[in-house]
Amino acid sequence: MSDSPAPRGHGPEAPSAPRRQAPTPAAPGADPGTSSTRADARQGESTHLTPQSPPSGRTTGLPARALADPHLVYDPLPGDGPKDVVILGSTGSIGTQAIDLVLRNPDRFRVTGLSANGGRVALLAEQAHRLKARTVAVAREDVVPQLREALSGLYGTGEPLPEILAGPEAATQLAASDAHTVLNGITGSIGLAPTLAALEAGRTLALANKESLIVGGPLVKALAKPGQIIPVDSEHAALFQALASGTRADVRKLVVTASGGPFRGRTKAALAQVSVADALAHPTWAMGPVITINSATLVNKGLEVIEAHLLYDIPFDRIEVVVHPQSYVHSMVEFTDGSTIAQATPPDMRGPIAIGLGWPERVPDAAPAFDWSKASSWEFFPLDNEAFPSVNLARHVGQLAGTAPAVFNAANEECVEAFRAGALPFNGIMETVTRVVDEHGTPRGGTSLTVADVLEAETWARTRARELTAQTAEARA
C-alpha cells in the first residue's frame, strides 16, 4: 500500500550482495549484447539511456507521455560505487524502511540528506548520525534547537554536525541537492513541491508520494524526463515490473489489487454505523490513521487508479480494480494474448522501496520471499462499487483532470478528519466528497495547470468540505 504503510511483521533479514554495474535493460527482442552501460553513458552527451529498437518496427516500452517506463533507465550520475540518496519523510514508515534497506546495503546506497516534519526529533537525529548524512531538513522551525541538541549529544567532540535546513521549504531545498536519487516518502500534497524540485534538478525520483501526481499530474509531466520516475507504491511498483514483460502494443489492461480493507463484503447499509475504531482495524497493513481510513473507504485505491493512468498513460477504462484480501499479488498486467503477469511477494514495503532505489538492478534479499513448502490460498473478488463508490468517483475526477483531482484529495482529507472527530458518519465521507466535487464542476480548459491553481483549488475544497461537515454534524446533534 502507498502512503507509507508498514507491514505487520517482517521476514528474516539476509546479508546484502555486492552492487554490480548493470547494463541498461534491452527491449524485448533486442540483442542483449548491444545494450548500454553506465560506463558507456559517461562518454555520451545524454544521461537518458534508451533501449534498442525491437524488430519489425514494433513499439517498445510505454509512450512518451508515460512517466514511468521499465524499459528505460535515467542515470543522472553514472558510475560505480554506492548511489547517493536523499530520503524525504525519513521518520515515517517509508523512510524508516528505506533506511533499514540502506544500512543493510552500504555498498549500494549512501544517504546524503534526510528530511522530516519534526515530530520525532530524537529519531531524526539518530538517523542522521547513523547514516553520516550531510544535511538534515525539518519543516518545523520551532524544533531546531531541540534537533541541534539531540545531534550534539550523538556526535563526538570536534565532529562536525550536519547542515540543518528548516522551514516549510526545507524538504524542497533538500530535494534539489546533489544526489543520484531522491526518495519522496512524504505523505500528502505538501510532497508536490519537493517532487517538482527533484525533477527540475535532474535527480532520479523514487516516488512514494502519490499526491504529487494526483494534485499536480500535468506539472510533473511537464518536468519529468523519460525514465526519471520510479514508482514506490506497492501497486505501481508491481505494474512497473510486470510491464517489463512486454511491449506497449501488447498491453490490454492494468489490474490494480485492493485488500478490501476492514469492511470487505459489507453492504452500503451495513457501513452506516461503523465506528472509527472499526475503520482503523486494517486486516493486512499497519499504517497511519488517514491512510488506514482511506483504505477502508477505498479512496486510496481510487487515488492509485489516477496514479496508474498518469504513470503509464493507460486510459481509465483499461484500468481495473480487483479485491485480493491476502495482499500477496500487488497488481497485474493483462496482455492482448490473454496472458496476465502478476507481481507477488508477502506484504512488505521494502521490496518496492528497493525497486525505487536500485532499478535497473535488484537488491538481493530486500524483503522476505514466499515459503512455497507451506499451503496458502489466494482469493480475488470483484469490487462492490455501490458500497465503495470512491473508485468510480476517482475515475471521474481523473478524467476531468485539471484541478478536479486536487479538489477530490483535499475534500477527502477534511472529511476523514471530520469522521475521526465524530462529525461525519462513515458513509458521509464519500457523500460529502462527491458533493464538493460536483460543486467544483468541470475545470476550465485551454489553460495550463499551475501550482497556484492547485493551491487555490485545495483551499476552496477544504473550506467547502468543512462547511458541509459542520452542517452534517449540526443536523446529527
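It should be emphasised that the depicted structure is a prediction, and the values quoted were computed from it without experimental measurement.

Draft legend 1. The arrangement of the sheet that holds strand 9 (residues 204-207) in detail. One open sheet holds the seven strands; their spatial order is 7-6-5-4-8-9-10, and the pairing between them is parallel. A single partner strand is all that each edge strand has here, and the edge strands are strand 7 (163-166) and strand 10 (229-231). Between one strand axis and the next, the sheet turns by 20 degrees as a mean value, whatever way the strands run. Direction of pairing for strand 6 (residues 135-138) relative to strand 7: parallel, over a ladder of four bridges. Bridging across to strand 7, Val-138 finds its partner in Ala-166. In this fold helix 3 (residues 121-131) packs onto strand 5 (109-116) and strand 6, with an angle of close to 160 degrees to the strand it touches most, strand 5.

Draft legend 2. Here's a closer look at helix 16 (residues 451-476). With 26 residues, helix 16 extends 37 Å from end C-alpha to end C-alpha; this agrees with the ideal 38 Å at 1.5 Å per step. Against the buried residues of helix 16 lie helix 7 (211-223), helix 14 (404-420) and helix 15 (426-440).

Draft legend 3. Broad picture of the sheet that holds strand 11 (residues 251-258). The strand order across the open sheet built from five strands is 15-14-11-13-16, with neighbouring strands paired in mixed fashion. Strand pairing shows two members of the sheet lacking a second neighbour, strand 15 (340-344) and strand 16 (381-382), which therefore form its edges. Summarising the sheet, strand 13 (residues 319-323) and strand 16 pair through two bridges and their orientation is antiparallel. By the bridge assignment, Val-323 is partnered in strand 16 with Phe-381. Against the sheet, helix 8 (residues 234-243) touches strand 11, strand 14 (329-335) and strand 15, its axis set at about 35 degrees to strand 14. Sitting on the sheet, helix 11 (residues 299-312) is in contact with strand 11 and strand 13, with an inclination near 150 degrees to strand 11.

Draft legend 4. Here's a closer look at a nonpolar patch on the surface. A cluster of nonpolar side chains, Trp-372, Trp-378 and Phe-380, forms an exposed patch at the surface whose accessible area comes to about 360 Å². Here Trp-372 shows up in the loop between helix 12 (350-358) and strand 16.

Draft legend 5. Spatial organisation of the packing of aromatic side chains. The tally for this structure, following the rule as stated, stands at eight aromatic pairs. Measuring from centroid to centroid gives 5.0 Å for Phe-240 and Trp-359, while their planes differ by 75 degrees, and the two rings are edge-to-face. Here the residue Phe-240 occupies a position in helix 8, and Trp-359 occupies one in the loop between helix 12 and strand 16, the gap between them amounting to 119 residues. Between Phe-370 and Trp-372, the aromatic rings sit 5.1 Å apart at their centres with planes inclined by 50 degrees, giving tilted as the arrangement. Exposure remark for Trp-372: the relative accessible area of 64% places this residue in the exposed category. In this structure an aromatic cluster arises from ring pairing among Tyr-328, Phe-370, Trp-372 and Trp-378.

Draft legend 6. Layout of the pattern of salt bridges. With the rule as written, the count across this model stands at 20 salt bridges. With its nearest N and O atoms 3.9 Å apart, the salt bridge here joins Asp-371 to Lys-374. Take Asp-371: its relative accessible area is 42%, and that puts it in the partly exposed class. Salt bridges sharing partners connect three or more residues here, namely Asp-100, Arg-104, Asp-348 and Arg-350.

Draft legend 7. Seen up close, the confidence of the model for the protein chain. On average, residues of the protein chain score 86 in pLDDT, and 85% of them are at 70 or above. Overall, residues 1-60 carries pLDDT values under 50, and its contacts beyond four positions in sequence, including any with other chains, amount to 156 contacts.

Draft legend 8. Structural view of the packing of helix 2 (residues 93-103) against helix 12. At a minimum axis separation of 10 Å, helix 2 and helix 12 run at an interaxial angle of 70 degrees. Taken together, the axis directions place helix 2 and helix 12 in an arrangement best described as roughly perpendicular. For the crossing formed where helix 2 meets helix 12, the hand is right-handed. Side by side, helix 2 and helix 12 meet where Ile-94, Gln-97, Ala-98, Asp-100, Leu-101 and Val-102 of the first sit next to Arg-350, Ile-353, Ala-354 and Leu-357 of the second. Tallied by class, the residues present in the contact of helix 2 with helix 12 amount to seven nonpolar, one polar and two charged.

Draft legend 9. How the structure looks around helix 10 (residues 289-297). Burial of helix 10 is extensive: seven of the nine residues sit out of reach of the surface. Considering only its buried residues, helix 10 is in contact with helix 9 (276-279), helix 11, helix 13 (390-400), helix 14 and helix 15.

Rules and cut-offs
- Residues numbered from 1 in each chain as written.
- Predicted model: local features only at pLDDT ≥ 70, side-chain atom pairs only at ≥ 80, totals over all residues.
- Heavy atoms only, no water.
- Pairing = 2+ DSSP bridges.
- Helix = DSSP H or I, 4+ residues; strand = E, 2+ residues; numbered from the N terminus.
- Axes fitted to C-alpha atoms, helices over the stretch in contact; angles between N-to-C directions.
- Contact = heavy atoms within 4.5 Å.
- Expected span 1.5 Å × (residues − 1).
- Patch = residues over 30% accessible without salt bridge, like charges linked within 9 Å, V, L, I, M, F, W, Y side chains within 5 Å.
- Areas by Shrake-Rupley, 256 points an atom, 1.4 Å probe, with all protein chains shown as cover.
- Salt bridge = Lys/Arg side-chain N within 4 Å of Asp/Glu carboxyl O.
- Phe/Tyr/Trp six-rings, centres within 6.5 Å; stacked < 30°, edge-to-face > 60°.
- Buried < 20%, exposed > 50% of the residue type's maximum accessible area, 1.4 Å probe, protein only.
- pLDDT = per-residue confidence, 0-100.
- Parallel < 35°, antiparallel > 145°, perpendicular 65-115°, else oblique.
- Left-handed = near helix turned anticlockwise from the far one by under 90°.
- Nonpolar A, V, L, I, M, F, W, Y, C, P; charged D, E, K, R; others polar.

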